[in-house]
Amino acid sequence: MNQTRENNKLSTEKSLNAMKKFAEKYAKNTKTYFCVDPSVTAVVIEGLAKHKDDLGAPLCPCRHYEDKEAEVKATYWNCPCVPMRERKECHCMLFLTPDNDFAGEQQEITQEDLESARATM
């Protein structure tokens with residue numbers, strides 16, 4: 001990773017790699033696909049990794065929370081969230097069913113796509 005964690009704005013390499021591996025495996029296991037725009041996937045994975053670093057769990061990064069720590073303990077929005085597990089509904093557009101207009105054909109993301117997105121954050 002060439003990108004540094006300026007002011008801890010970005011996730012650690014360890015958490016980023018863990019969330020990348022999780023997302024790829026979960027997509028394959030659930031027969032879902034990443035967004036056709038890899039920057040969407042990269043931003044969500046980075047957000048999950050940053051929450052894993054800061055909160056100890058991959059809390060959904062695409063929602064607003066009054067109290068993130070309380071939400072982590074409730075586990076409802078920890079990825080994969082309850083709507084995803086129960087109905088394959090991913091608010092973040094990370095895991096998309098094949099019939100979704102934004103679904104791509106990929107269940108993997110390159111390190112380059114991750115780094116490219118992180119460089120803009």
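Reading guide: rules and limits
Every residue gets a number counted from 1 within its own chain, in the order that chain's sequence is written. Two thresholds apply to this predicted model, a pLDDT of at least 70 for residue-level local features and 80 or more for giving and counting side-chain atom pairs, whereas whole-chain, interface and lining totals are computed over all residues. Excluding hydrogens and water, the side-chain figures rest on all heavy atoms present in the structure. Going along the chain from the N terminus, every DSSP run of H or I of four or more residues is numbered as a helix, and every run of E of two or more is numbered as a strand. Values of the radius of gyration come from C-alpha atoms, whereas the globule rule sets the reference at 2.2 Å times the count of residues to the power 0.38. Per-residue accessibility, obtained with a 1.4 Å probe over protein chains only, is compared with the maximum for each type, and a residue is labelled buried under 20%, exposed over 50%, and partly exposed between these values. Any two residues having at least one pair of non-hydrogen atoms within 4.5 Å are treated as being in contact. All accessible areas in this document rest on Shrake-Rupley with a 1.4 Å probe, and a residue is counted as covered only by the protein chains that are shown. Only four residue types enter the tally: Lys and Arg on the positive side, Asp and Glu on the negative side; His and the chain ends are excluded. The location of each charge is read from NZ of Lys, CZ of Arg, CG of Asp or CD of Glu. Grouping buried Ala, Val, Leu, Ile, Met, Phe, Trp, Tyr and Cys residues that are joined through side-chain atoms within 4.5 Å yields what is termed a nonpolar core.

A. Structural context of the overall build of the protein chain. Looking only at helices and strands, one finds 5 helices and 0 strands in the protein chain. Secondary structure elements in the protein chain, listed N-terminal to C-terminal, are α-α-α-α-α. A globule of 121 residues ought to have a C-alpha radius of gyration of about 14 Å, and the protein chain, at 14 Å, matches this closely. Referenced to the eigenvectors of the C-alpha coordinate spread, the extents of the protein chain come out at roughly 40 × 35 × 20 Å. Classification of the 121 residues of the protein chain by burial places 43% in the buried group. Once local pairs closer than 6 in sequence are excluded, the contacts in the protein chain between residues at least 24 apart make up 67%. Just so you have it, the protein chain exposes about 7000 Å², and 48% of that area is on carbon and sulfur atoms. The distance from the centre of the 17 positive side-chain charges to the centre of the 20 negative ones in the protein chain is 6 Å.

B. Looking closely at the nonpolar core. In terms of nonpolar packing, the biggest core is built from 28 residues, with Phe34, Ile45, Leu94 and Phe95 touching the most fellow members. Within the residue set of this core, elements represented by two or more residues are helix 1 (13-30), helix 2 (38-55) and helix 5 (111-119). For this core, the element with the highest residue contribution is helix 2, accounting for 6 residues. Beyond its immediate chain neighbours, meaning those up to four positions away, Phe95 contacts Phe22, Ala23, Tyr26, Ala27, Thr32, Tyr33, Phe34, Cys79, Met84 and Cys90.

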